[in-house]
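What follows is each chain in one-letter form.
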Amino acid sequence: MIYVAVDIGASSGRLVLGEIKDNKLKIKEIHRFSNGFTVKDGTCYWDIDYLLNEILKGLQVVKSLGYDQCTVGIDTWAVDYVLLDQKGKRLREVVSYRDGRTKQTIEKVTKLVSKEKIYKKTGIQFLPFNTIYQLYEEDQEKLKNTNQILMVPDYLGYCLTGVAVTEVTNASTTQLLNLNSRTFDDELLDLISVKREQFARLVEPGTELGMLKKEWFSSFDLPNCKIITVATHDTASAVIGTPGFGENWAYLSSGTWSLLGIESAVPIVNELALQHNYTNEWGAFQTIRFLKNIIGMWIIQEVRRHLEQDYDFAQFVEEAKKVKGFHQFINFNDERFMNPANMIDEIQTYCKETNQKVPETVGELANCIYNNLAIIYAIAIEELEEITGKTIDQLHIVGGGAYNEHLNQLTADLSGKVVYAGPTEATAIGNLIMQMIATKEVKDLEAARQLIRDSFEIKKYTPNEINRQAIIQKFKEVVLYDHVRSTGSL
């Protein structure tokens, strides 16, 4: 059986073939394409038609390789959605979560329903781009004319099959699902003038969606494709593809964003979790992804975009290693780094405002970014242990960031934890694994993770002895100083 993972992130997408041969999972990337939002009339939009066309081009490659039949699963980023009218046509282009329309919306919404109440209902962390805040700011006339609201991966599946569903791992990031009733919360829907029936039925990962309607795409030579709704949130797929073992492990899905957390059987909704802004996103097999959403490789991607000379990510690492560490302490989770006009200028301005050495060279900028990401990861692990009451022994770093051996070692050093890095393709692997479990070629998640451990190289990093507590304390002091400086209060 041949399986195809369509894995689309905020900066790129690809189609990956997977099959089990000689008791090992073999994967092969067969089509890759860029992704990114564009700004039109002051609003950031995704080009969803382009993404659909790239999926079809990739499936055409599958056919050209001699495969007449396959299953297909689609995962993308979270929170963004498509509004459809009665005829299934888009009412507007898809707005990107990096758009500025929701900068002040959390404050507006939590004046109507308290943070504590929303968190108790949903368990979802407060991020300005969560779907609830996007829909709150949505054009009310368009919402009234909306027959269906589909999350981005569900919309792509709908385009291929004509079947509309709302897959739960992505839907949970809307901050509209109730943890207890396991459906949409009516009070929160009322708050944003949306009706429950405007969402398609909720389904679990592994649900068969339908066959690809080849007749709709006659200009493409396509195989016969059975579309399976996988864990459509890319982080949920990445967690499935994380080869954790034992009880005391955490994951770090490292890409444009860094998602650090644990897989839990139950939601963790308490005062500490709310205080530290941890989230209870739904996972496959009715698990909970208890995690923190941390800024990730977006920072270095944006620095790269604004440099005159083109550097690849390996060159950034080499330049960073030439510079002595920990000259700057920056909270990259601050909203100012979400989508600044120029990331280099923003970093340098922050350092000037906080009386720190200003990074000027490529090496100094990269070193500053990797140092502070490792500190932020270490603090998140401390918080995770405090909230859950459990000791984390191992951190599994998966995704593209697992290639960065320098950052992996920094993370081990600052957290004091053993770090396992790989597989880098965890999201696509998790997508494929979900299809394999749905078709019963793989028995369950435990068997799947053993298969992953047997199939891919995983590197181990043990922590070096450094003065980690002093470094983390200095970071906290600078962040507190900046907070007092900018707000005038503790």
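Residues numbered from 1 in each chain as written. Predicted model: local features only at pLDDT ≥ 70, side-chain atom pairs only at ≥ 80, totals over all residues. Heavy atoms only, no water.

### Concerning the overall build of the protein chain
When helices and strands are counted, the protein chain shows 18 helices and 22 strands. Against the 2.2 N^0.38 benchmark of 23 Å for 490 residues, the protein chain shows a C-alpha radius of gyration of 22 Å, consistent with a compact globule. Projected onto its principal axes, the C-alpha positions of the protein chain cover 60 × 55 × 50 Å. With 490 residues in all, the protein chain has 59% of them scored as buried. In the protein chain, 73% of the contacts between residues at least 6 apart in sequence involve partners at least 24 apart. Entry remark: accessible area of the protein chain is about 19,900 Å², with carbon and sulfur atoms responsible for 46%. In the protein chain, the 53 positive side-chain charges and the 65 negative ones have mean positions that sit 1 Å from each other. (Helix = DSSP H or I, 4+ residues; strand = E, 2+ residues; numbered from the N terminus. Rg over C-alpha atoms; globule rule 2.2 N^0.38 Å. Buried < 20%, exposed > 50% of the residue type's maximum accessible area, 1.4 Å probe, protein only. Contact = heavy atoms within 4.5 Å. Areas by Shrake-Rupley, 256 points an atom, 1.4 Å probe, with all protein chains shown as cover. Lys, Arg positive; Asp, Glu negative; His and termini not counted. Charge placed at Lys NZ, Arg CZ, Asp CG, Glu CD.)

### Observations concerning the packing of helix α1 (residues 48-64) against helix α6 (residues 152-161)
Relative orientation of the contacting elements α1 and α6 amounts to 60 degrees, with a least axis distance of 11 Å. By the angle between their directions, the pair α1 and α6 is classed as oblique. Like other packed secondary-structure pairs, α1 and α6 cross with a definite hand, here right-handed. Across the interface between the two elements, Ile 48, Leu 52, Ile 55 and Leu 56 of α1 pack against Val 152, Tyr 155, Leu 156, Cys 159 and Leu 160 of α6. Here the contact of α1 with α6 is built from residues that sort into 9 nonpolar, no polar and no charged. (Axes fitted to C-alpha atoms, helices over the stretch in contact; angles between N-to-C directions. Parallel < 35°, antiparallel > 145°, perpendicular 65-115°, else oblique. Left-handed = near helix turned anticlockwise from the far one by under 90°. Nonpolar A, V, L, I, M, F, W, Y, C, P; charged D, E, K, R; others polar.)

### Digging into the sheet that holds strand β8 (residues 94-95)
Whether parallel or antiparallel, the strands of a sheet pair through hydrogen bonds between backbone atoms. Overall, antiparallel pairing links the 3 strands, which are arranged β4-β5-β8 in an open sheet. Each end of this open sheet is capped by a strand with a single partner; those strands are β4 (38-40) and β8. Judged from the 2 bridges that link them, strand β5 (residues 43-46) and β8 form a sheet pairing that is antiparallel. Looking across to β8, one finds that Trp 46 is bridged to Val 94. (Pairing = 2+ DSSP bridges.)

### Here's the deal with the pattern of salt bridges
Throughout the structure, instances matching the rule amount to 33 salt bridges. Among the ionic pairs, Arg 14 bridges to Glu 425, the shortest N-O distance being 2.7 Å. Linking Arg 14 in strand β2 (residues 12-21) with Glu 425 in the loop between β21 (418-421) and α16 (426-438), this pair joins segments that are 411 residues apart in sequence. For the pair Arg 14 and Glu 425, a shared accessibility class is recorded, and that class is buried. One continuous salt-bridge network, built from bridges that share partners, spans Asp 7, Arg 14, Glu 29, Arg 32 and Glu 425. (Salt bridge = Lys/Arg side-chain N within 4 Å of Asp/Glu carboxyl O.)

### Topic: α1
Taking 1.5 Å per residue, 17 residues should reach 24 Å; α1 reaches 25 Å between its end C-alpha atoms and fits that length. Within the sequence span of α1, burial applies to Ile 48, Leu 51, Leu 52, Glu 54, Ile 55, Leu 56, Gly 58, Leu 59 and Val 62. Two residues or fewer past α1, Gly 66 is found with a positive phi of approximately 100 degrees. (Expected span 1.5 Å × (residues − 1).)

### With respect to empty space enclosed by the protein
As enumerated under the stated definition, the model contains 4 cavities of 30 Å³ or more in all. The calculated volume of the largest cavity comes to roughly 80 Å³. Together, Gly 73, Ile 74, Pro 153, Asp 154, Gly 157, Val 165, Leu 209, Ile 227, Ile 228, Thr 229, Val 230 and Thr 232 line the largest cavity. Counting only elements with at least two residues in the lining of the largest cavity, the list comes to β6 (69-75), α6 and β15 (224-229). Of the residues contributing to the lining of the largest cavity, the split by class is 7 nonpolar, 4 polar and 1 charged. The volume enclosed by the second largest cavity comes to roughly 60 Å³. (1 Å grid on protein atoms, 1.4 Å probe; cavity = no way out; pocket = protein on both sides within 12 Å on 5 of 7 lines; lining within 4 Å. Points joined across faces, edges and corners; volume = space filled by probe spheres on them.)

### Some words on the sheet that holds strand β18 (residues 279-282)
Spatially, β18-β19-β17-β16-β20-β21-β22 is the arrangement adopted by the 7 strands of the open sheet, whose pairing is mixed. What marks the edges here is a single partner per strand, and that holds for β18 and β22 (459-461). For this sheet, the mean inter-axis angle between neighbouring strands, taken without regard to orientation, is 30 degrees. One ladder, built from 4 bridges, connects strand β16 (residues 249-254) with strand β17 (residues 257-264); its direction is antiparallel. Looking at the pairing, Ser 253 lines up with Leu 259 of β17.

### Notes on the pairing of strand β1 (residues 3-8)
Counting buried positions over the 6 residues of β1 gives 6, a clear majority of the element. The alternating pattern of β1 places Tyr 3, Ala 5 and Asp 7 and Val 4, Val 6 and Ile 8 on opposite faces, both of which are buried. Relative to β2, β1 runs antiparallel, the two sharing 6 bridges. Paired with Val 4 across the strands is Leu 17, a residue of β2.

### With respect to the state of the cysteines
Tallied over the full model, the rule gives 0 disulfides. Not part of a disulfide, Cys 159 finds its nearest cysteine sulfur in Cys 225, a span of 15 Å. You can call Cys 159 buried: its relative accessible area is 13%. (Disulfide = S-S within 2.5 Å.)

### Points about the nonpolar core
Counting residues in hydrophobic clusters, the biggest one holds 144 residues, and the most contacted among them are Leu 59, Phe 332, Ile 347 and Tyr 370. With 17 residues, helix α14 (residues 362-388) is the largest single contributor of residues to this core. Other than its neighbours up to four places away in sequence, Ile 347 contacts Ile 299, Val 303, Ile 330, Phe 332, Phe 337, Pro 359, Leu 365, Cys 368 and Ile 369. Residues Ala 5, Leu 445, Ala 448 and Phe 456 belong to the second largest nonpolar core, which totals 22 residues. (Core = buried A, V, L, I, M, F, W, Y, C linked by side-chain atoms within 4.5 Å.)

### So, the packing of aromatic side chains
Considering all chains together, one arrives at 17 aromatic pairs under this definition. Considering the side-chain rings of Tyr 97 and Trp 257, the 6.4 Å spacing of their centres and the 50 degrees angle between planes classify their relative orientation as tilted. Residue Tyr 97 is found in the loop between β8 and α2 (105-110), and its partner Trp 257 is found in strand β17; the two are separated by 160 residues along the sequence. Across this residue pair, the class does not change: Tyr 97 and Trp 257 are buried. With a centroid separation of 5.2 Å and 25 degrees between ring planes, the pair formed by Tyr 278 and Phe 290 is classed as stacked. Remark: Phe 290 occurs in strand β19 (residues 288-295) and Tyr 278 occurs in the loop between α10 (271-275) and β18; sequence separation between them is 12 residues. (Phe/Tyr/Trp six-rings, centres within 6.5 Å; stacked < 30°, edge-to-face > 60°.)

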